[in-house]
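Topology and contacts: notes
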Amino acid sequence: MVESGGSGRSRPDNEQSAEHPATPASPATDLAQTPDPGTAGPATPDGEPTPRPSGTPQPSEAAPAEAPSAQDPPAGTAPAEARPDDDEGAPQTPPASDDDSRTAAGDGNANGTADPGTGAQDAPDAGPEAEPGTGRPTTSASAPAPAAPAPVPSLPKGPPPQRPPEQPRGGLLMGRPFGVPVYVAPSWFLVAALITWVFGNQLDRVLPELGALRYLVSLFFAVAFYASVLIHELAHTIAALRFKLPVRRIQLQFFGGVSEIEKEAETPGREFWLAFVGPLLSLVLAGVFYLAMQPVERGTVPGVLLAGLMISNLIVAIFNLLPGLPLDGGRMLRAVVWKITGRPMSGTVAAAWVGRALAVSVLIGLPLLTQSGALGSGAEDSVGMDTVTDALLAAILAAIIWTGAGNSLRMARLREHLPELRARTLTRRAVPVETHTPLSEALRRANDAGARALVVVDANGEPLSLVREAAIVGVPEHRRPWVAVSGLAQDLSEGMRVSAELAGEDLLDVLRATPATEYLVVEETGEIFGVLSAADVERAFVKAMARPS
């Protein structure tokens with residue numbers, strides 16, 4: 001059956017740079033939030049805000065505090081007590097004599113701006129009085145200490161984002177014929193055990209002298225049968241590669257195998273041959289085993305094995321030729337309707353509904369045929385446990401066919417709307433910020449510009465990394481003036497630069513090649529257009545599937 005579808009070490013957060021991104025996470029909320037004016041004071045010449053001590057005038061009424069002036073109180077003089085009505089919502093500075101002073105000292109430098117090069121271990125312990133020339137607010141030893149929030153731990157720094165393997169995993173990797181990985185799903189071992197048990201009981205009637213060795217012969221038959229299924233799937237794979245269609249993997253599973261072809265055939269003729277080569281090769285194998293039986297004596301182990309392999313490959317070919325998705329015959333029917341109507345979607349709808357009718361027929365008809373003796377066994381033998389087994393087998397087959405038909409219909413509907421997925425329309429507006437820009441200032445700029453994303457750039461305006469939205473949410477609001485955006489950013493790799501002109505399957509192919517949570521969208525000239533979120537693409541997928549065809 002063919003199916004087409006579509007390390008690093010931890011660093012302190014004030015040493016994290018754009019070259020060492022944190023682990024990406026899914027976007028959670030919009031960036032456009034108005035920062036609290038109490039969390040940051042006026043900007044320094046470098047664009048970095050300074051914290052405003054409690055009780056000082058609002059930023060619009062006071063001069064920047066990056067350097068002491070003639071009006072600054074002399075060293076050893078405590079500033080006025082904070083007035084809650086003036087600074088409601090502003091972060092309160094804890095007493096410097098507490099342990100929190102070490103945390104505060106590690107979050108800022110002498111003039112209160114974010115300093116990525118300063119760590120908490122470099123800051124000296126401060127007493128209850130201000131140090132001359134620092135401009136850092138202190139609390140008088142005799143003044144009652146305001147209620148301070150608990151010290152916020154540093155943001156967790158994990159290893160850089162790990163890229164998933166090039167090929168999806170689907171069980172035990174057996175090899176890579178023609179460069180395509182072949183996986184054996186765990187369910188195969190269950191089926192192999194079932195075939196060994198059932199075929200072993202049949203051998204006991206034909207070759208009773210084997211005794212317990214019959215199960216070893218049965219296991220060999222199970223492996224040989226699935227080798228035939230693998231050859232069936234390799235036929236699909238070779239045809240797909242011949243038509244320059246990428247094949248993701250081959251998987252041997254509960255009922256047979258599946259070749260996962262990532263793109264649709266371009267013409268109905270190619271679609272027909274791509275589906276037909278699998279059953280055709282199974283028919284060829286059945287003929288080969290039949291010819292091999294001729295010189296072999298009947299009633300021997302080789303004769304029984306060759307007969308079993310001939311019959312099983314014949315059944316595989318006939319079953320796959322049934323005209324309903326997701327079987328090969330269903331894809332052949334789809335190609336025929338596609339050729340007649342000129343619309344691939346019409347072929348998919350027709351083949352999918354025939355597949356659903358086929359599932360109902362298997363559910364009802366297979367137990368009746370078995371019980372009536374039409375499949376080779378007498379009616380008197382098809383009672384009791386055998387009847388239950390046949391009914392269970394029919395139910396499993398019907399469920400697989402019904403589910404596969406429904407999935408094919410949904411994927412076809414999605415592909416029909418794929419051209420509507422355009423990078424330009426899904427992209428969020430972004431604002432560029434420099435590496436050491438405090439998070440609060442960056443959010444203020446994004447809010448003023450109506451943007452929902454931040455791009456970290458160098459001094460020449462070249463993009464370096466993308467600020468992860470989920471990381472922003474994890475930073476408490478009162479710490480944002482002391483956290484540089486570079487500590488929350490993910491480095492840009494070449495695959496994370498997406499052209500704004502991409503749409504449909506071309507866009508999805510680029511996103512699949514480099515899995516990430518955000519992508520930088522650029523114009524053909526290299527100019528930054530915005531940021532594309534994987535969550536936005538996923539939501540567009542859901543809307544496309546819900547929209548009627």
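This report concerns the structure included in the present document. As the structure is a computational prediction, the values presented were derived from the model and not from experiment.

Some thoughts on the overall build of the chain
Tallying secondary structure elements over the chain gives 13 helices and 12 strands in all. Scored against the burial criterion, the 549 residues of the chain give a buried share of 43%. When the accessible surface of the chain is summed, it comes to about 27600 Å², and 61% of that surface belongs to carbon and sulfur atoms.

Looking at the nonpolar core
With 27 residues, the main nonpolar core has Ile 195, Phe 225 and Tyr 226 as its most contacted residues. The set of elements that each furnish at least two residues to this core consists of helix H2 (186-206), helix H3 (213-242), helix H4 (268-293) and helix H5 (301-320). Here this core takes 7 residues from H3, the largest share from any one element. Once residues lying within four places of it in the same chain are set aside, the contact partners of Phe 225 are Ile 195, Leu 309, Ser 312 and Val 316. The next biggest cluster of nonpolar side chains, apart from the first, holds 25 residues, and it includes Ala 423, Leu 492, Leu 520 and Val 531.

Quick notes on the sheet that holds strand E7 (residues 453-457)
One open sheet accounts for 4 strands, arranged E6-E7-E8-E9; its pairing is mixed. On the outer flanks of this sheet lie strand E6 (430-434) and strand E9 (489-491), each paired with one strand and no other. Ignoring which end each strand starts from, the neighbouring axes of this sheet average 35 degrees apart. Inspection of the sheet shows E6 paired to E7 by 5 bridges, in the parallel sense.

A closer look at the pattern of salt bridges
Using the criterion set out here, one finds 15 salt bridges in the structure. Salt-bridge contacts for Glu 271 lead to Arg 331; the nearest nitrogen and oxygen are separated by 2.9 Å. Separated by 60 residues along the polypeptide, Glu 271 in helix H4 and Arg 331 in helix H6 (residues 328-341) bring together distant segments of the chain. Across the pair, Arg 331 and Glu 271 agree in class, each one buried. Two residues, Arg 424 and Glu 501, come together in a salt bridge whose shortest N-O distance is 2.3 Å. Of this pair, Arg 424 sits in helix H9 (residues 423-426) while Glu 501 sits in the loop between strand E10 (497-499) and helix H12 (504-513), placing them 77 residues apart in sequence. Among the residues examined, Glu 501 registers a relative accessible area of 47% and is labelled partly exposed.

Section: the packing of H4 against H5
It is at 8 Å that the axes of H4 and H5 come closest, and there the two elements cross at 160 degrees. Regarding the angle of H4 to H5, the classification is roughly antiparallel. The two elements H4 and H5 cross, and the hand of that crossing is left-handed. Contacts between H4 and H5 pair Pro 279, Ser 282, Leu 283, Leu 285, Ala 286, Phe 289, Tyr 290, Ala 292 and Met 293 from the former with Leu 306, Ala 307, Leu 309, Met 310, Asn 313, Leu 314, Val 316, Ala 317 and Asn 320 from the latter. For the contact of H4 with H5, the residue count by class is 15 nonpolar, 3 polar and no charged.

Quick notes on the packing of aromatic side chains
In this structure the tally under the stated criterion is 8 aromatic pairs. Members of the aromatic cluster, each reached through a chain of ring pairs, are Trp 188, Phe 189, Phe 199, Phe 221, Phe 225 and Tyr 226. Between Arg 356 and the ring centre of Trp 353, over which it is positioned, the NZ or CZ distance is 4.7 Å. Stacked on the ring of Trp 402, the Lys or Arg Arg 356 has its end atom at 5.2 Å from the ring centre.

How each quantity is defined
- For every chain, the first residue of the written sequence is number 1, and numbering continues from 1 along that sequence.
- Reporting of local features is limited, given that this is a predicted model, to residues whose pLDDT is at least 70; pairs of side-chain atoms are given and counted only at 80 or more, and all residues count toward the totals for whole chains, interfaces and linings.
- Calculated side-chain values reflect all of the structure's heavy atoms, with hydrogen atoms and water omitted.
- Comment: elements are numbered from the N terminus, with helices defined as DSSP H or I runs of at least four residues and strands as E runs of at least two.
- Here's how the labels work: a residue is buried when its accessible area is under 20% of the maximum for its type, exposed when over 50%, partly exposed in between, all with a 1.4 Å probe on protein chains only.
- Note that accessible areas follow from Shrake-Rupley with a 1.4 Å probe, and for residues the cover is restricted to the protein chains shown.
- To form a nonpolar core, buried Ala, Val, Leu, Ile, Met, Phe, Trp, Tyr and Cys residues must be joined to one another through side-chain atoms within 4.5 Å.
- Residues are treated as being in contact if the distance between any of their heavy atoms lies within 4.5 Å.
- Here, strands pair whenever DSSP counts at least two bridges between them.
- Comment: axis = line fitted to C-alpha atoms, over the contacting stretch for helices; angle = value between 0 and 180 degrees taken between N-to-C directions.
- Any carboxyl oxygen of Asp or Glu that lies within 4 Å of a side-chain nitrogen of Lys or Arg is treated as forming a salt bridge with it.
- Relative orientations are named as follows: roughly parallel for angles under 35 degrees, roughly antiparallel for angles over 145 degrees, roughly perpendicular for angles from 65 to 115 degrees, and oblique for any other angle.
- Left-handed describes a crossing whose near helix is turned anticlockwise from the far helix through less than a right angle; right-handed describes the clockwise counterpart.
- Three classes are used, and their members are as follows: Ala, Val, Leu, Ile, Met, Phe, Trp, Tyr, Cys and Pro are nonpolar, Asp, Glu, Lys and Arg are charged, and the others, Gly among them, are polar.
- Two aromatic rings, drawn from Phe, Tyr or Trp (for Trp, its six-membered ring), form a pair once their centres lie within 6.5 Å of each other, and the interplanar angle then sorts them: stacked below 30 degrees, edge-to-face above 60, tilted otherwise.
- Only Lys NZ and Arg CZ are tested; either one counts as a charge over a ring when it is within 6 Å of the ring centre and within 35 degrees of the ring normal.

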